[in-house]
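What follows is each chain in one-letter form.
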Amino acid sequence: MTASMPHVMNTYGRLPIALSHGQGCRVWDTEGRRYIDGLGGIAVNTLGHAHPKLVPALQEQTAKLIHCSNYYENPLQEALAKRLCELSGLSAAFFCSTGLEANEGALKIARKYGHDRGITKPEVIVFDKAFHGRSIATLSATGNPKVQEGFGPLVEGFVRVPFNDAAAVREVAECNPNVVAVFLETIQGEGGINPARWDYLREVRQICDEQGWLLMLDEVQCGIGRTGKWFAHQWADIKPDVMPLAKGLGSGVPIGAIVVGEKAKTILGPGNHGTTFGGNPLSMRAGIETLDIMLADDIMGNAARVGAHLKAALERELAGVKGVKEVRGLGLMLGIELDRPCGVILTRAMQAGLLLSVTADSVVRLVPPLILSQAEADEIVGLLVPVIKTFLAEPQP
Ligand SMILES: Cc1ncc(COP(=O)(O)O)c(C=O)c1O
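Residues numbered from 1 in each chain as written. Predicted model: local features only at pLDDT ≥ 70, side-chain atom pairs only at ≥ 80, totals over all residues. Heavy atoms only, no water.

Trainee: Please explain helix α4 (residues 99-116) as it appears in this structure.
Mentor: Residue pairs spaced three or four apart in an α-helix point in one direction, given the helix's 3.6 residues per turn. With 18 residues, α4 extends 26 Å from end C-alpha to end C-alpha; this agrees with the ideal 26 Å at 1.5 Å per step. What α4 keeps buried is the set G99, A102, N103, G105, A106, L107, I109, A110, Y113 and G114. In the stretch just after α4, G118 is the one whose phi turns positive, near 85 degrees. (Helix = DSSP H or I, 4+ residues; strand = E, 2+ residues; numbered from the N terminus. Expected span 1.5 Å × (residues − 1). Buried < 20%, exposed > 50% of the residue type's maximum accessible area, 1.4 Å probe, protein only.)

Trainee: It is not clear to me how the sheet that holds strand β16 (residues 357-359) should be interpreted in this structure. Could you clarify?
Mentor: Whenever strands of a sheet pair, they do so through backbone hydrogen bonds, lying parallel or antiparallel. Reading across the sheet, the four strands line up as β13-β14-β17-β16 and stay open at both edges, with antiparallel pairing between neighbours. The open sheet has two free edges, formed respectively by β13 (324-330) and β16, since each of these has just one partner strand. When strand polarity is set aside, the average angle formed by the axes of neighbouring strands in this sheet is 25 degrees. Of the strand pairs in this sheet, β16 and strand β17 (residues 363-366) are connected by three bridges, and their pairing is antiparallel. (Pairing = 2+ DSSP bridges. Axes fitted to C-alpha atoms, helices over the stretch in contact; angles between N-to-C directions.)

Trainee: I keep staring at helix α3 (residues 75-88) and nothing clicks. Help me out?
Mentor: Here α3 contains 14 residues, and its C-alpha end-to-end distance of 20 Å stays within 8% of the 20 Å for a straight helix at 1.5 Å per residue. Every buried residue belonging to α3 is among Q77, L80, A81, L84, C85, L87 and S88, and all of these are buried. Angular distribution of buried residues about the axis of α3 spans 165 degrees; they occupy a single face of the element. Looking at α3, the residues exposed on the side facing more than 90 degrees away from the buried face are P75, E78 and E86. Along its buried surface, α3 packs onto β4 (92-96), β11 (242-245), β12 (256-260) and α9 (281-296). (Arc of directions from axis to C-beta. Contact = heavy atoms within 4.5 Å.)

Trainee: Even after reading the chapter, I still don't get unusual backbone geometry, so can you show me in this structure?
Mentor: Leave glycine aside and you will find that most residues have negative phi; peptide bonds, for their part, are mostly trans. Along the chain, G152 connects to P153 via a cis peptide bond; the corresponding omega equals 0 degrees. Within the secondary structure, P153 is located in the loop between α6 (145-148) and β6 (158-161). Of note in this structure, S69 is not a glycine but carries a positive phi near 80 degrees. Note on placement: S69 falls in the loop between α2 (54-64) and α3. A positive phi angle, close to 55 degrees, is found at I193, a residue other than glycine.

If you want it as structure tokens, here you go:
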């Protein structure tokens, strides 16, 4: 237990501050210290904090109807599903509350797809360094032994291959008749901000078509405008059959979705899947308002422009710094890979007034609200670069 939170199970490595409120891309802690938010609640607070259009809409919805169960028709679900279909070119959506739930649903779709085709032991191709969540099935699909340790036996039915290697997928196609789907993040988030190459994605799409497999793209972290397109795979000009979403879709209100194309639209039927909170009116309203505000205010264009500016500034300021391996990512999903574990940067950046995360041990990750301004991006660079340089100049233990 942490000293200040003795009644909360100790499952997170927490920093010793508590946030009390926010405004735009700024947050304040309970001691009155101000931070610039380079983390956005881990790619969740699309519209930043206390957005002047989102807050009244949520207040109005809260006063009207928060929850009502899926026993009844729900026009807000239809409205959000329709928007997601229009933006993705897909055909239908199922709503839940988190990313892992969306991925669990996707895995159920894959298995049922197999059973419907007479494959009684369906298998799904998954990837090194993948992260899909922390339920038993999604941690089994995850490619990080640390996440799995202590939770065996893992769920069977996964074949793991290296990321960005189409030949490895083809090899499985040649020898494994039980495969029904390929499941990957378009840009791996927790694994260290590793984008799939666009030609690779197109080839995997082609393999799935040849084999009759489902292509399932986890856009929980990289979706909803973060990379400068509604969904990151749109850069490769392909469509998945199944796309789990969550995080940024509700700008902070818990929401998840599985968006599916024609091939996957009717695999699940009545009684096959459900969840109490999924699609409740409050989360649906948060999703609708998030997308509407993004459209009205060109938030996605902002993510592309400010993201490119931020990346270029980081590349420029860190060029030639010994220990910086790469600045990578797209839009406002950026990673700076160092040549050594750098968890301590989390604390030092916080002390300097910047919130961010470190993932895959040695990658400093920035996934700020998509409303970040160019001046705020410059401020992040001004705070972060000295922290990284100082850290890298220290003798290694
Ligand atoms: C790509 C991806 N999928 C799934 C998840 C799990 O989402 P949640 O934490 O909402 O269960 C995450 C969370 O980081 C993620 O980045």
